[in-house]
Amino acid sequence: ELKVEQNPLFLSMQEGKNYTIYCNYSTTSDRLYWYRQDPGKSLESLFVLLSNGAVKQEGRLMASLDTKARLSTLHITAAVHDLSATYFCAGESGSARQLTFGSGTQLTVLP
Amino acid sequence: DTAVSQTPKYLVTQMGNDKSIKCEQNLGHDTMYWYKQDSKKFLKIMFSYNNKELIINETVPNRFSPKSPDKAHLNLHINSLELGDSAVYFCASSHLDRFYGYTFGSGTRLTVV
C-alpha cells in the first residue's frame, strides 16, 4: 500500500524568501502529482512528474522527483502573498490509478 | 464548459437521513473517483470506477455506495448519515489509457447535524 508523507504541515514564510516542501512515498508510484488548494476551493493541478530526475517549473514553483530516494520536492522561490494556499503531493498506484495524498502543507506568505 | 460538475455544493442534513451527491463529467474520461476531505484537510480515496471494475477502499463504510448510470456520471449515495460523515466530498475523473491527468470537481460540503 502506497503511503505518502509530506512535510512540513505548516509553513509561514516572509515574502521574498525561498523554501522547500518535501514529499516522501513508501513504494513505487507511477507518477507524482502536486496540487494547490485555496480555502473552500477545489484542487488545482500544478505539476505531474513522470520519471526519475524530472524537474518542472512554473513561475516561482519548481517540482522535482527522485524515484530512487522516493522523494519529491516543491521549491518556492522568492515567495509572494499570492502563493498562500495548501499544497498537496500525491502518488498514483493501483490498476485504477488511485491517488494517495500527503497530508498537505498549509503555506502562509507574510508581507 | 468541459468540466467535472458536482451537485449540490452544500448539503446540510440530519443524522439518520439518506442523501445523494451527483457528479457528471463531460471530458470523455473512462474512470471516475470519489475522494473525501476531512476537517484536517486530509484527502482519501473512497471509490474508483470504470466500466470494468469498481474498487472500494476497504475503510469506507458500506453505508456509502457509488452508483453509475453511465460513463459520464458517478453519484455517491449515503445511507443513515452520521456526524462523522461531515466532510467535503470531491469527485474526479481521468482516462486510464491516455494520460490527461485528473480533473476534480468543485466539491460538496456535507454537514450532518
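Details of the structure are given in the entry above.
Residues numbered from 1 in each chain as written. Chains lettered and ligands numbered in written order. Predicted model: local features only at pLDDT ≥ 70, side-chain atom pairs only at ≥ 80, totals over all residues. Heavy atoms only, no water.

## Things to note about the sheet that holds strand β7 (residues 64-70) of chain B
Residues and elements named next belong to chain B.
And then number 1: On the basis of which strands lie adjacent, the open sheet formed by four strands has the order β1-β3-β8-β7 and antiparallel pairing. Of all strands in the sheet, those bounded by a partner on one side alone are β1 (4-7) and β7. Taken over all neighbouring pairs, the strand axes of this sheet differ in orientation by 20 degrees on average, direction set aside. (Pairing = 2+ DSSP bridges. Helix = DSSP H or I, 4+ residues; strand = E, 2+ residues; numbered from the N terminus. Axes fitted to C-alpha atoms, helices over the stretch in contact; angles between N-to-C directions.)

## Structural notes on unusual backbone geometry
And then number 1: Put simply, N7 of chain A and P8 of chain A share a cis peptide bond, and its omega is 0 degrees.
And then number 2: For P8 of chain A, the position within the fold is in the loop between β1 (4-7) and β2 (10-14).
And then number 3: Along the chain, T7 of chain B connects to P8 of chain B via a cis peptide bond; the corresponding omega equals -5 degrees.
And then number 4: Along the polypeptide, P8 of chain B turns up in the loop between β1 and β2 (10-13).
And then number 5: A positive phi angle is found at A78 of chain A, which is not glycine, with a value near 50 degrees.
And then number 6: Positionally, A78 of chain A belongs in the loop between β8 (71-76) and β9 (85-93).
And then number 7: The class for A78 of chain A is partly exposed, based on a relative accessible area of 23%.
And then number 8: The backbone of K41 of chain B sits at a positive phi, close to 75 degrees, despite the residue not being glycine.
And then number 9: As for its placement among the helices and strands, K41 of chain B is situated in the loop between β4 (31-37) and β5 (43-50).
And then number 10: When its relative accessible area of 30% is taken as the criterion, K41 of chain B is described as partly exposed. (Buried < 20%, exposed > 50% of the residue type's maximum accessible area, 1.4 Å probe, protein only.)

## Overview of the side chain of T86 of chain A
And then number 1: Structurally, T86 of chain A can be placed in strand β9.
And then number 2: With relative accessibility at 5%, the residue T86 of chain A sits in the buried group.
And then number 3: A polar contact is formed between the side chain of T86 of chain A and the side chain of K41 of chain B, at a distance of 3.1 Å.
And then number 4: Each residue touching T86 of chain A, except ones within four places of it in the same chain, is listed here: Y35, R36, Q37, G104, T105 and Q106 of chain A together with K41 of chain B. (Polar contact = N/O pair within 3.5 Å; in protein donor to acceptor, adjacent residues only side chain to side chain. Contact = heavy atoms within 4.5 Å.)

## Quick look at the environment of L107 of chain A
All names here are of chain A.
And then number 1: For L107, the position within the fold is in strand β11 (residues 105-110).
And then number 2: As for L107 and P8, which are separated by 99 residues in sequence, their C-alpha atoms are 9.3 Å apart.
And then number 3: Here L107 is in contact with L11, M13, I76, L83, S84, A85 and Y87, once residues within four sequence places are set aside.

## Considering the state of the cysteines
And then number 1: Scanning all chains against the criterion turns up two disulfides over all chains.
And then number 2: In this model, C23 of chain A is linked to C89 of chain A through a disulfide, with the two sulfur atoms separated by 2.1 Å. With the S-S bond torsion at 85 degrees, the cross-link from C23 of chain A to C89 of chain A turns out right-handed. Placement of C23 of chain A in strand β3 (residues 19-25) and of C89 of chain A in strand β9 is noted, with a sequence separation of 66 residues between them.
And then number 3: Among the residues examined, C23 of chain A registers a relative accessible area of 0% and is labelled buried.
And then number 4: Accessibility expressed as a relative area gives 0% for C89 of chain A, which makes it buried.
And then number 5: Each sulfur of the disulfide joining C23 of chain B and C91 of chain B lies 1.8 Å from the other. When the S-S torsion is -80 degrees, as for the bridge of C23 of chain B with C91 of chain B, the disulfide is left-handed. Highlighted residues: C23 of chain B in strand β3 (residues 19-25) and C91 of chain B in strand β9 (residues 87-94), separated in sequence by 68 residues. Across the pair, C91 of chain B and C23 of chain B agree in class, each one buried. (Disulfide = S-S within 2.5 Å.)

Geometric descriptors of this kind do not, in isolation, establish any biological role.
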